[in-house]
Amino acid sequence: MPVLESHFSTDELPPHMREDMWHEMIGAVYDVAPVNRLERYGQSKMKSFWYGDIILTHCHSYGQTFVRDRKRLSTDPIDHYVVQLFLDGASEMKRGSKKVHVNPGDVVIHDYADTHFAKNQAAFTNLNFIVPRRSLAPHLNAPDSQNKNLLDPNSPLTQMLVNQMKSLYQAKTEIPENALPGLNESLVSLIASAINAGSKTSNSQHSNEAYRLSAALKVKNAIEKNLGDPNLDVEMLAQSTGVSRSQLYRMFKPFGGVYEFLKGRRLKAALKLLTDPGSKQLKIYQIALTCGFKTESHFSRSFKETFGFRPKEVQKESVWVNMQSAKERNTEQPMLNWISWVNNLG
């Protein structure tokens, strides 16, 4: 597949429409809000390039907050890393209770599987690599503790990464199709090397999270392995992971409890099947049972409450954009195009 590109801009829109269109675009990933009332009339632009296994985006927008809370994490289908280079503007982010200040020239890592809060006080411009977890995580020393890590700007590897991001953006679609597999492999290797080489984030923050992350990873793996079992519950998780029931209750409290988290993960898996062209032959009840729901009615009701559409609508009417025809939509529907890329990357 050749390099695909998509351009989104609010420049030609009336000021009163800009905020809604930008929210619809970026809302595929974040819940956003302007830092003040006047900012909502600002301009937003995003140029995106899909290199097969990595998406490069150049983004410019107004001062606003970007949020991914725990409720959202339990339902949306996105599970990627983002390597973000700030070219202009600044951001104040949160890593647990700690604040992380990102300035022009800084490279920060985001993990879409973890919570996100960033406040960009004024207009900003950044470059981003969006990389699926399956590609990058196996190469990282600590794959589940990278969220909001600032890479060391003095590291030669960080400097090489910055130069590569800028160079690739300048090249845009000039990369020949037969070079893409090698390009993706070299980019993943460079990103992993830069991350593993160290960061500006305090090592004490990693050590404080070590036990929690270890337990969380055990539970996460157990859930994914047994997601199709309708009898999966706290008792089964405790027995299979060695994590106590009380720990599990505390771990899932921010998600509304174990049951709500499991339902969210099952709905996420169902959404992926419903939008997969290779699964179009599956009946709704088969998808429900495959994803751990005991009845089709319970599945359909929960799906509609979460996504606003019935499963049949998503599967039959293609409410969620099929990436196979993305190339034809590049100029006609850039917003849907980019959303489709992000949802289908992993």
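Residues numbered from 1 in each chain as written. Predicted model: local features only at pLDDT ≥ 70, side-chain atom pairs only at ≥ 80, totals over all residues. Heavy atoms only, no water.

K.L.:
Hey, could you go over the overall build of the chain for me, with residue numbers and the actual values?
P.N.:
The secondary structure content of the chain amounts to 14 helices and twelve strands. About 16600 Å² of surface is accessible on the chain, with carbon and sulfur atoms providing 51% of the total. (Helix = DSSP H or I, 4+ residues; strand = E, 2+ residues; numbered from the N terminus. Areas by Shrake-Rupley, 256 points an atom, 1.4 Å probe, with all protein chains shown as cover.)

K.L.:
Can you tell me about helix H9 (residues 258–274), naming the residues and giving the values?
P.N.:
If you check H9, its first and last C-alpha atoms are 24 Å apart, about what 17 residues at 1.5 Å a residue would give, namely 24 Å. Listing the buried residues of H9 in full gives Val 258, Phe 261, Leu 262, Lys 263, Gly 264, Arg 265, Arg 266, Leu 267, Lys 268, Ala 270, Leu 271 and Leu 274. (Expected span 1.5 Å × (residues − 1). Buried < 20%, exposed > 50% of the residue type's maximum accessible area, 1.4 Å probe, protein only.)

K.L.:
Which residues make up the packing of aromatic side chains, and what values go with them?
P.N.:
Both the distance between ring centres and the angle between the ring planes are used here to describe each pair of aromatic rings. Scanning the entire structure with this criterion turns up nine aromatic pairs. An angle of 80 degrees between the planes, with centres 5.8 Å apart, marks the rings of Phe 66 and Phe 124 as edge-to-face. One end of the pair, Phe 66, is in strand E5 (residues 64–68); the other, Phe 124, is in strand E11 (residues 124–132), with 58 residues separating them in the sequence. According to the relative accessible area criterion, Phe 66 is buried, its value standing at 7%. Taking the relative accessible area as the measure of exposure, Phe 124 reaches 2% and is therefore buried. Measuring from centroid to centroid gives 4.9 Å for Phe 252 and Phe 261, while their planes differ by 55 degrees, and the two rings are tilted. (Phe/Tyr/Trp six-rings, centres within 6.5 Å; stacked < 30°, edge-to-face > 60°.)

K.L.:
Please set out the pairing of strand E6 (residues 80–88) residue by residue, giving values where relevant.
P.N.:
For E6, the tally of buried residues reaches seven of nine residues, placing the bulk of the element in the interior. In terms of strand pairing, E6 meets E11 through eight bridges, oriented antiparallel. Residue Leu 85 lies in a different strand from E11, and its bridge partner there is Leu 127. Taken together, the five bridges between E6 and strand E9 (residues 107–111) define a ladder with antiparallel strand orientation. Looking at the pairing, Val 82 lines up with His 110 of E9. (Pairing = 2+ DSSP bridges.)

K.L.:
Lay out the sheet that holds strand E7 (residues 91–95) with the relevant residues and their values.
P.N.:
Adjacent strands of a sheet pair through backbone hydrogen bonds, lying either parallel or antiparallel. In space, the five strands of this open sheet follow the order E2-E5-E10-E7-E8, with antiparallel pairing throughout. Where the open sheet ends on each side, the last strands, each with one partner, are strand E2 (31–34) and strand E8 (98–102). Averaged over all neighbouring strand pairs, the angle between strand axes comes to 20 degrees, with direction disregarded. Across the sheet, helix H1 (residues 15–26) lies against E2 and E5, angled at about 155 degrees from E2, the strand it touches most. (Axes fitted to C-alpha atoms, helices over the stretch in contact; angles between N-to-C directions. Contact = heavy atoms within 4.5 Å.)

K.L.:
Please set out unusual backbone geometry residue by residue, giving values where relevant.
P.N.:
Positive phi, normally seen in glycine, also occurs at Lys 148, with a value near 70 degrees. Inspection of the secondary structure puts Lys 148 in the loop between helix H3 (133–136) and strand E12 (149–150). With relative accessibility at 0%, the residue Lys 148 sits in the buried group.

K.L.:
Describe the packing of H9 against helix H11 (residues 296–307), with residues and values.
P.N.:
One can describe the packing of H9 onto H11 by two numbers: an axis separation of 10 Å at closest approach and a directional angle of 90 degrees. In terms of axis orientation, H9 runs roughly perpendicular to H11. Of the residues in H11, those in contact with Tyr 259, Lys 263, Leu 267, Ala 270, Leu 271 and Leu 274 of H9 are His 298, Phe 299, Ser 302, Phe 303, Thr 306 and Phe 307. Here the contact of H9 with H11 is built from residues that sort into eight nonpolar, three polar and one charged. (Parallel < 35°, antiparallel > 145°, perpendicular 65-115°, else oblique. Nonpolar A, V, L, I, M, F, W, Y, C, P; charged D, E, K, R; others polar.)

K.L.:
Account for the environment of Lys 47, with residues named and values stated.
P.N.:
In this structure, Lys 47 sits in strand E3 (residues 45–50). Judged by its relative accessible area of 34%, Lys 47 is partly exposed. For the pair Lys 47 and His 7, spaced 40 residues apart in the sequence, the C-alpha separation amounts to 4.5 Å. For Lys 47, the residues in contact, after removing those within four places along its chain, are Ser 6, His 7, Leu 56, Thr 57, His 58 and Tyr 169.

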